[in-house]
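Report on the structure
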Amino acid sequence: MKTKTLTPMGSLHPVIFFVVVYVVALLLSIFICSSLFYTFNGSSRSTGRIDPVEPAGSTVVTVSTLALQR
């Protein structure tokens, strides 16, 4: 009778599977934790505020100029 032999890859399949699952879970947790950290501890420069900017072709007329034109 022939005995069945297991190949090394076949016998290591569950171990390799759990190592891959562990590495994927580790990478995802690092990504999630770092994104949460940078969300709560972001720099003050990236607050999302937009400073008002005047249009390029606008002219500003002061009150003293209006008083002189009357």
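Residues numbered from 1 in each chain as written. Predicted model: local features only at pLDDT ≥ 70, side-chain atom pairs only at ≥ 80, totals over all residues. Heavy atoms only, no water.

Let us look at the overall build of the chain. Each helix and strand counted, the chain has two helices and zero strands in total. Within the chain, the fraction of its 70 residues that count as buried is 0%. Of the accessible surface of the chain, which amounts to about 7,400 Å², a share of 70% is contributed by carbon and sulfur atoms. (Helix = DSSP H or I, 4+ residues; strand = E, 2+ residues; numbered from the N terminus. Buried < 20%, exposed > 50% of the residue type's maximum accessible area, 1.4 Å probe, protein only. Areas by Shrake-Rupley, 256 points an atom, 1.4 Å probe, with all protein chains shown as cover.)

Here we come to helix 1 (residues 8-40). With 33 residues, helix 1 ought to run about 48 Å at 1.5 Å a step, and its terminal C-alpha atoms sit 48 Å apart, in line with that. Of all the bends in helix 1, the greatest, near 40°, is centred on P14. (Expected span 1.5 Å × (residues − 1). Bend = angle between axes of the 7 residues up to and from the residue.)

Attention now moves to the packing of aromatic side chains. Aromatic ring pairs are defined here through the distance separating the ring centres and the angle between the ring planes. Counted under the stated rule, the structure contains two aromatic pairs. Relative to F18, the ring of F17 lies with its centre 5.3 Å away and its plane at 70°, an arrangement referred to as edge-to-face. What makes F17 partly exposed here is its relative accessible area of 46%. Overall, the relative accessible area of 57% leaves F18 in the exposed class. With a centroid separation of 5.4 Å and an interplanar angle of 70°, the aromatic rings of F37 and Y38 are classed as edge-to-face. Look at Y38 and you get exposed, because its relative accessible area is 58%. (Phe/Tyr/Trp six-rings, centres within 6.5 Å; stacked < 30°, edge-to-face > 60°.)

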